[in-house]
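# Fold and geometry: a report
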Amino acid sequence: MRKTLYIIGLSTLVFSCTSQKNVKKSTYRPKTGVAQPKVATNPVAAEKNKPQISKEHGVEFFTTNIADAAKNDNTASYGSIVSAKPAGYKVVKTYFPAIAQNFRQKYLILHYTVLPDDKSIQVLTQQSVSAHYLVNNLGDNEIYQLVDENKRSYHAGVSAWRADKNLNDTSIGIEIVNMGYTADAAGTKTFQPFSDDQIKKVAALAKDIVTRYQIPATNVLAHSDIAPTRKQDPGPLFPWKKLYDEYQIGMWYDEASKEALLTNAQTDISTKYNDAVFIYTVQMALQKFGYALDSSGKWDDATKKTIEALQYHFRPQNYNGIMDAETWAILQALNQKYPSK
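Here the structure is a predicted model, which means the values were calculated and not measured.

When its secondary structure is counted, the protein chain shows 10 helices and 11 strands. Expressed as a percentage of its 341 residues, the buried residues of the protein chain come to 39%. Long-range pairs, those at least 24 residues apart, make up 62% of the contacts in the protein chain with a sequence separation of at least 6. In the form shown here, the protein chain has an accessible surface area of approximately 20,100 Å², with 55% of it arising from carbon and sulfur atoms.

So this is what it looks like as structure tokens:
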């Protein structure tokens with residue numbers, strides 16, 4: 001009897017083990033078209049290609065770019081890395097940095113202070129207006145930094161350029177000590193010149209900033225460009241062409257293109273000047289270049305001030321706010337060279 005029970009039990013065990021083996025072999029195969037789960041990559045292998053975070057006195061820095069510079073992406077940090085410190089938890093940088101990022105600093109905006117040196121320092125450090133840098137007029141080799149580049153300074157105010165608004169969020173501001181302008185009874189403005197020492201400082205500072213943050217030429221602007229109806233700085237005596245020619249900073253039109261457009265521009269001005277369709281065309285061209293302007297089909301005050309801002313920057317010999325043939329040809333040449341995306 002015991003032998004019989006032993007044989008039955010052994011047979012049951014063999015059958016059970018055989019069944020389990022068959023179950024393991026009968027794996028489920030998904031139908032064609034069903035997405036397969038993604039296989040996780042090896043994070044350790046990916047980390048081998050990343051430069052290390054450096055530390056100085058317990059402060060962390062990451063100054064090497066591993067993102068795609070062609071897309072204006074950059075992972076470099078021009079300052080210490082700022083991290084959260086959640087209570088009871090540890091923030092680690094095992095997978096730092098992600099390559100999908102770029103700089104907050106997209107614009108460089110230039111201003112003048114309309115104040116002497118001492119008052120400029122006082123106002124820009126103690127009141128509700130500021131800039132990242134202040135260029136004095138003392139003939140020395142100093143440039144004052146007033147705000148961390150990673151923080152917003154209050155220099156642009158209500159502002160816009162192309163698709164962007166509120167440019168304090170995305171810009172670095174440079175203030176230049178200069179007394180601005182005086183106006184006569186007829187409203188004609190006379191601007192104060194900048195010293196050669198100031199221009200050299202501004203050029204060196206601007207070159208450093210646009211290089212580090214990969215700021216395109218179209219985003220190096222005057223305060224009057226981004227707020228044309230209320231600002232004039234840095235005015236027509238600021239040498240934009242000198243910065244373009246000698247330091248490769250900012251925009252300038254091609255002379256040959258302007259000359260090629262000039263004949264038609266003269267015809268437009270002489271035959272269509274007060275035509276609403278032509279005025280609308282001019283306003284659309286100003287908008288296309290970057291200025292925030294409503295299209296009214298009239299030579300209204302906003303349009304005149306916007307033309308004046310364009311002339312401050314690109315036609316400083318005549319900044320009366322009137323669209324003449326030279327200004328019209330320049331605007332068209334600029335749009336040819338710097339098309340909006």
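Let us now look at the environment of A203. With respect to the helices and strands, A203 occurs in helix α4 (residues 196-213). Expressed as a C-alpha distance, the spacing of A203 and Q248, which sit 45 residues apart in the sequence, is 9.5 Å. Sequence-distant contacts of A203, defined by excluding residues within four places in its chain, comprise Y247 and I249.

Here we have 5 strands laid out as an open sheet, ordered β5-β4-β8-β3-β11, and mixed in their pairing. Edge positions in the sheet fall to β5 (144-145) and β11 (220-222), since each of these pairs with one other strand and no more. Relative to strand β8 (residues 171-176), strand β4 (residues 133-135) runs parallel, the two sharing 3 bridges. Paired with Y133 across the bridge in β8 is I174.

Quick look at the packing of aromatic side chains now. Inspection of the entire model under this criterion finds 19 aromatic pairs. Taken together, a centroid distance of 5.1 Å and an interplanar angle of 80° make the contact between W161 and Y291 edge-to-face. Highlighted residues: W161 in strand β6 (residues 160-161) and Y291 in the loop between α8 (276-289) and α9 (301-314), separated in sequence by 130 residues. Each member of the pair, W161 together with Y291, is buried. Judged by centre distance (4.9 Å) and plane angle (20°), the rings of Y273 and W299 are stacked. With a gap of 26 residues between them, Y273 in the loop between α7 (255-272) and α8 and W299 in the loop between α8 and α9 connect regions that are remote in the sequence. We classify Y273 as partly exposed; its relative accessible area is 23%. Put simply, the rings of W161, W252, Y253, F289, Y291 and F314 pair up and form one aromatic cluster. A cation over an aromatic ring shows up here: R212 above the ring of Y78, its NZ or CZ 5.2 Å from the ring centre.

Let us now look at α9. With 14 residues, α9 should cover 20 Å at 1.5 Å per step; its first-to-last C-alpha distance of 20 Å lies within 8% of that length. Of all 14 residues that make up α9, 10 are buried, and the element is covered over most of its length. Among all positions in α9, only T303, T306, I307, E308, A309, L310, Q311, Y312, H313 and F314 are buried. Considering only its buried residues, α9 is in contact with β10 (189-191), β11, α5 (223-226), α6 (240-247), α8 and α10 (325-337).

Before going further, it helps to examine the pattern of salt bridges. Applying the stated criterion to the full structure yields 17 salt bridges. Residues D245 and K241 are paired through a salt bridge, measuring 2.6 Å at the closest nitrogen-oxygen approach. Taken together, the positions of D245 and K241, both in helix α6 and 4 residues apart, correspond to about one turn of that helix. Owing to a relative accessible area of 40%, D245 belongs among the partly exposed residues under this scheme. Look at K241 and you get partly exposed, because its relative accessible area is 38%. With its nearest N and O atoms 3.0 Å apart, the salt bridge here joins K258 to E255. Taken together, the positions of K258 and E255, both in helix α7 and 3 residues apart, correspond to about one turn of that helix.

Our focus in this paragraph is unusual backbone geometry. Cis geometry marks the peptide bond from F96 to P97, where omega comes out at 0°. Summarising the element assignment, P97 is placed in the loop between β2 (59-61) and β3 (107-112). In this chain, D233 is followed by P234 through a cis amide linkage whose omega measures 0°. Non-glycine residue N72 carries a positive phi angle of around 65°. Looking at the secondary structure, you find N72 in the loop between β2 and β3. A positive phi angle is found at V114, which is not glycine, with a value near 60°. Tracing the sequence through the fold places V114 in the loop between β3 and α3 (117-126).

As a further point, take the confidence of the model for the protein chain. A residue-level look at the protein chain finds 86% of positions with pLDDT of 70 or above and a mean pLDDT of 89. Here residues 1-28 is a poorly scored stretch, pLDDT under 50, and it has 0 contacts once near neighbours within four places are set aside; other chains count. This model gives residues 30-35 a pLDDT under 50, and the stretch forms 1 contact once residues within four places in sequence are excluded.

Cut-offs applied
Residue numbers here run from 1 along each chain, matching the order of that chain's written sequence. For this predicted model, a pLDDT threshold of at least 70 governs which residues receive local features, and a threshold of 80 or more governs which side-chain atom pairs are given and counted, while totals over whole chains, interfaces and linings are taken from all residues. Calculated side-chain values reflect all of the structure's heavy atoms, with hydrogen atoms and water omitted. Helix numbers and strand numbers start at the N terminus; a helix is a DSSP run of H or I with at least 4 residues, a strand a run of E with at least 2. The classification of residues rests on relative accessible area computed with a 1.4 Å probe and restricted to protein chains. Under 20% of the type maximum is buried, over 50% is exposed, and intermediate values are partly exposed. Any two residues whose heavy atoms approach within 4.5 Å at even a single point are treated as in contact. All accessibility values rest on the Shrake-Rupley procedure with a 1.4 Å probe; residue burial counts only the protein chains present in the view. Here, strands pair whenever DSSP counts at least two bridges between them. Pairs were defined over the aromatic rings of Phe, Tyr and Trp, the Trp ring being its six-membered one, requiring ring centres within 6.5 Å. Orientation was assigned from the angle between planes: stacked under 30 degrees, edge-to-face over 60, tilted for the rest. Throughout this description, the term charge over a ring refers to an Arg CZ or Lys NZ atom that lies within 6 Å of the ring centre and within 35 degrees of the ring normal. Expected span, for any helix, means 1.5 Å times one less than how many residues it has. Any Lys or Arg side-chain nitrogen found within 4 Å of a carboxyl oxygen on Asp or Glu counts as a salt bridge. Across the chain, each position has a pLDDT score giving the predictor's confidence in that residue, from 0 to 100.

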